[in-house]
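# Analysis of the macromolecular model
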Amino acid sequence: MTTASKQLHELISRPYPHGFVSDIQEDRVPAGLDEDIIRTISARKNEPEFMLDWRLRAYRHWLTMKEPHWAHVHYPPIDYQSIIYYAAPKLKGDGPASLEEIDPELLRTYEKLGIPLHERAALAGVAVDAVFDSVSVATTFGAKLAEKGIVFCSFSEAVQKHPDLVRKYLGSVVPPGDNFYAALNAAVFTDGSFCYIPKGVRCPMELSTYFRINARNSGQFERTLIIADEGSYVSYLEGCTAPMRDENQLHAAVVELIALANAQIKYSTVQNWYPGDKDGKGGIYNFVTKRGMCRGANSHISWTQVETGSAITWKYPSVILRGDSSVGEFYSVALTNHRQQADTGTKMIHLGRNTSSTIVSKGISAGFGQNTYRGLVKVMPRAAGARNYTQCDSLLLGERCGAHTFPYIEVRNPSAQVEHEASTSRIGEDQLFYCMQRGISAEDAVSMIVNGFCREVFQELPMEFAVEAQKLLGISLEGSIG
Amino acid sequence: MISPLLSIRGLQVRVADKQILRGIDLDVGAGEVHAIMGPNGSGKSTLAQVLAGRESFEVTAGEVLYRGRNLLAMPAEERARAGIFLAFQYPVEIPGVSNVYLLKAAFNALRKHRGLPPLDAMDFLKLVREKGKLVEMGEELLYRAVNEGFSGGEKKRNEILQMVVLEPKLAILDETDSGLDIDALRVVANGVNAMRSPERTMILVTHYQRLLDYVVPDRVHVLLQGRIVRSAGQELALELEQRGYGWVESELAEQPRAT
């Protein structure tokens, strides 16, 4: 092993920093799934009748479905009856919790993660909804946002206070029977974030949700719904971490975005779920359905994701371009290290005229990591003048990892223009030697080269998030240079 | 006698199971400029890269002292921090990393090594602009990704820019003159001449004599099949230019090798 690869090895063997467990009293339902469990969850959340019906329909449909196995990932069968579908920190009183009613241990957990929930201490310009296991524990700046008519709260609160909006949009982009995990989520989802930006309002701060899995043997099934009314704008950030545990935990979330005419939604994710140890023991199964609907003309949805965590990632944030001249974007960095597996990409469905989409995917594989880009660009007959540009780059560190690309293109309108570019490269000894010959250490050199590779994606992230993402890549990197 | 800045004894190097250097002996004094010439495949670039710390080249025998230290025991970045600079024959591209960012990282890594605080972006840019004039390099190249889409001449100028900014004690130029038109050659030569000082030692690895029209070396060595077979003053370069490497080869064949 060369000195460079030894130093790299040390760099990449740094432990996962968010792997601690919080000692918190939790209210949980027994493991397993049946209609009673779903009724219990719905009752705990004091849901109106329409929600329970919706869940039960989803559950009955889910029973008829089969777990998908087309992705380029491998894992032992999941026992859905051994999962706890609801685990929530116990509240001291009834009703909506104020920060004073929250277990101080919970506040400390978020402080430790760098997400203070007291507004005084909160990150400037970022409103946070904190989701802990199955429920939202706090939302900051809700009152301030309400002055502009913006609704930003937990999903549970939205069901109580804005049932009409929920009823109108829930499942309108990802129907309950969309796929196996989306159906499971629809049946059992316990919380998540809800956001509504009224007509013509530009949301004055970044909205964000921070997801934390804590309880053992529980799954996290949250649902996020964001509606940007005509001419509005919102930038939304999502972050996630989990304790280090030997067993795998399932995270099956659904995110639905709706952009009406001239509205814009920018959705950024930095996903850092526990990836498992270096031999592939433990870690989160991140099986997530994310989809946006550009409903109105000139609407615009962009997904930016930095995926560094999870044992397995299965996710394809997509955009349905229904409104004429609407725009969909997908910018992704996915890193797999050790035994991590990622099968991720996007779908851009062009329905409206002159719709355009851009896909930039950067896959980084190290160790024994397996990284797959899977994407679909579909241009329907009515979508005259549709355009797509796809760029798909893979970077390999070491000799034992893999990069795979599965681009699917379906064009049913002759005026469409679709471009696809792909590349695979290895961090070369040449590049490392060049940097080191200039006095730069091996670890700084690797970090510089990897960050350079991801630059086009990082440019799309809000500033603080971009800095966070760069640090995260540095921490998550593992695998040596041959 | 003062010990030389660089002292190479019996250096043998293997690259991918092939013996390339078969016992190099060379002393280079502080402030001197040496040219190492030789035909393709004689081992010139291997020597340059081994001195700079390329680890995939296997040293099978010999030792190298640099300012009294065992050079071969030092990793590449430590050699750089100790003042050794290699102008690469084929500088690599690093997509997405801006040229000026890399240079600043290198510059500040060297400052850190000397216990100096890093130079901030403004001051650094001022310095680079000043030095950039010397190599007549357009400022826009600073903001492009490292060597990406650079012409051959731009790559070589960029190497020289890095050299003048990093101010090494020992600069090794690996065929920096090859593939350059006459203007670029002049620019590179100006950079090299501007750097000449009693504190700076240079090794010019070159195939042709023409760089030596602009940069007059103190010593010229001919490398052939992994050995230095002849060393003399500047006049040796001219003789090689006129008579070709075949001349040295045939002369060597005639006389029995000294042991």
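Nothing here was measured: the structure is a model prediction, and the numbers come from that model. (Residues numbered from 1 in each chain as written. Chains lettered and ligands numbered in written order. Predicted model: local features only at pLDDT ≥ 70, side-chain atom pairs only at ≥ 80, totals over all residues.)

### Focus on the environment of Asn286(A)
Residues and elements named next belong to chain A. Formally: Think of it this way: any DSSP run of H or I at least four residues long counts as a helix, any run of E at least two long counts as a strand, and we number them from the N terminus. Whether a residue is buried, exposed or partly exposed is read from the other C-beta atoms within 10 Å of its own C-beta, which are placed from the backbone; 20 or more gives buried, 12 or fewer gives exposed, and intermediate counts give partly exposed. In this description, any two residues whose backbone-derived C-beta atoms lie within 7 Å of each other are considered to be in contact.
Mapping Asn 286 onto the fold places it in strand E13 (residues 283-294). Looking at Asn 286, the number of C-beta atoms within 10 Å reads 26, which means it is buried. Sequence separation between Asn 286 and Leu 250 is 36 residues; the distance between their C-alpha atoms is 6.4 Å. The residues touching Asn 286, leaving out its near neighbours within four places in the chain, are His 251, Gln 271, Trp 273, Ser 310, Ile 312, Thr 313, Trp 314 and Lys 315.

### As for unusual backbone geometry
Positive phi, close to 50°, is recorded for Asn354(A), a residue that is not glycine. Inspection of the secondary structure puts Asn354(A) in the loop between strand E18 (341-350) and strand E19 (356-365). Classification of Asn354(A) by C-beta neighbours within 10 Å gives partly exposed; the count is 18. The phi torsion at Arg67(B) lies on the positive side, around 50°, for a residue other than glycine. As for its position among the elements, Arg67(B) is in the loop between strand E4 (58-66) and strand E5 (69-70).

### Observations regarding the confidence of the model for chain A
All names here are of chain A. Inclusion rule: pLDDT: the predictor's confidence for each residue, scored from 0 to 100.
For chain A, per-residue confidence averages 83 on the pLDDT scale, and residues scoring 70 or more make up 80% of the total. Taking the mean pLDDT of every element in chain A, the minimum, 45, falls on helix H1 (residues 3-12) and the maximum, 98, on strand E16 (residues 318-321). Note on residues 92-96: pLDDT under 50 across the span, and two contacts to partners over four residues away in sequence or across chains. Across residues 478-482, where pLDDT falls below 50, the model places 28 contacts with residues more than four positions away in sequence or in other chains.

### Quick look at the sheet that holds strand E2 (residues 18-28) of chain B
Residues and elements named next belong to chain B. Selection criterion: At least two bridges found by DSSP between two strands are what make those strands a pair.
Reading across the sheet, the four strands line up as E2-E1-E4-E5 and stay open at both edges, with antiparallel pairing between neighbours. The strands lining the two open edges of the sheet, one partner per strand, are E2 and E5. Alignment of strand E1 (residues 6-15) against E2, held across eight bridges, turns out to be antiparallel. Across the sheet, Leu 11 pairs through a bridge with Ile 24, a residue of E2.

### Observations concerning the interface of chain B and chain A
For clarity, the threshold we go by: Three classes are used, and their members are as follows: Ala, Val, Leu, Ile, Met, Phe, Trp, Tyr, Cys and Pro are nonpolar, Asp, Glu, Lys and Arg are charged, and the others, Gly among them, are polar.
Taken together, the contacts link 25 residues of chain B with 20 residues of chain A. Those elements giving two or more residues to the side of chain B that touches chain A turn out to be helix H2 (76-81), strand E7 (94-98) and helix H3 (99-113) of chain B. When grouped by side-chain class, the residues that make up the side of chain B that touches chain A number 16 nonpolar, five polar and four charged.

### Concerning the nonpolar core
For clarity, the threshold we go by: For this analysis, nonpolar core means a set of buried Ala, Val, Leu, Ile, Met, Phe, Trp, Tyr and Cys residues linked through C-beta atoms within 7 Å.
Within the largest apolar cluster, 190 residues are counted, with the highest numbers of intra-cluster contacts made by Ala228(A), Leu257(A), Ile265(A) and Ile172(B). Other than its neighbours up to four places away in sequence, Leu257(A) contacts Val173(A), Ile226(A), Ile265(A), Tyr267(A), Gly292(A), Met293(A) and Ile301(A).

### Observations regarding the packing of helix H4 (residues 121-134) of chain B against helix H6 (residues 152-166) of chain B
Residues and elements named next belong to chain B. Test applied: Here an angle of 0 to 180 degrees is reported between the N-to-C directions of two axes, which are lines fitted to C-alpha atoms, with helices fitted over the stretch in contact. An angle counts as roughly parallel when it lies under 35 degrees, as roughly antiparallel when it exceeds 145, as roughly perpendicular when it falls between 65 and 115, and as oblique in every other case. Rotating anticlockwise by less than a right angle from the far helix to the near helix defines a left-handed crossing, while the corresponding clockwise rotation defines a right-handed one.
The N-to-C vectors of H4 and H6 enclose an angle of 125°; their axes lie 9 Å apart at closest approach. By the angle between their directions, the pair H4 and H6 is classed as oblique. Seen along the crossing, H4 lies across H6 with a hand that is right-handed. Contact residues: H4 offers Leu 127, Val 128, Lys 131, Gly 132 and Leu 134, while H6 offers Leu 161, Val 164 and Val 165.

### A look at the pairing of E4(B)
Residues and elements named next belong to chain B. Pairing analysis gives seven bridges linking E1 to E4, with the strands arranged antiparallel. Note that in E4 the partner of Gln 12 across the bridge is Ala 61. Judged from the two bridges that link them, E4 and E5 form a sheet pairing that is antiparallel. Residue pairing for E5: Leu 65 is matched across the bridge by Asn 70. Between E4 and E5, which pair antiparallel in sequence order, lie two residues; one of them, Arg 67, sits at a positive phi of approximately 50°.

### A look at the sheet that holds strand E10 (residues 201-206) of chain B
Residue and element names in this part refer to chain B. Strands sit in the order E6-E9-E10-E3-E11-E12 across an open sheet of six strands; the sheet is mixed. Looking at which strands have only one partner, the edges of the open sheet turn out to be strand E6 (84-87) and strand E12 (227-232). Strand-to-strand twist across the sheet, computed as the mean angle between neighbouring axes with direction ignored, equals 20°. Pairing of E6 with strand E9 (residues 170-174) involves four bridges; the strand directions are parallel. Note on E9: the bridge partner recorded for Ile 84 is Leu 170. On top of the sheet, H6 reaches E6 and E9; it is set at about 165° to E6, its chief contact.

### Observations concerning the packing of helix H2 (residues 35-44) of chain A against helix H3 (residues 49-63) of chain A
If you want to describe how two helices pack, look at the angle between their axes and the distance between the axes. All names here are of chain A. Direction vectors running N to C along H2 and H3 enclose 155°, while the axes themselves pass 10 Å from each other. By the angle between their axes, H2 is roughly antiparallel relative to H3. Every pair of crossing elements has a handedness; the one defined by H2 and H3 is right-handed. Residues Glu 35, Ile 38, Arg 39 and Ser 42 of H2 form the contact with H3, whose participating residues are Met 51, Leu 52, Arg 55, Leu 56 and Tyr 59. Class assignment of the residues belonging to the contact of H2 with H3 gives a composition of five nonpolar, one polar and three charged.

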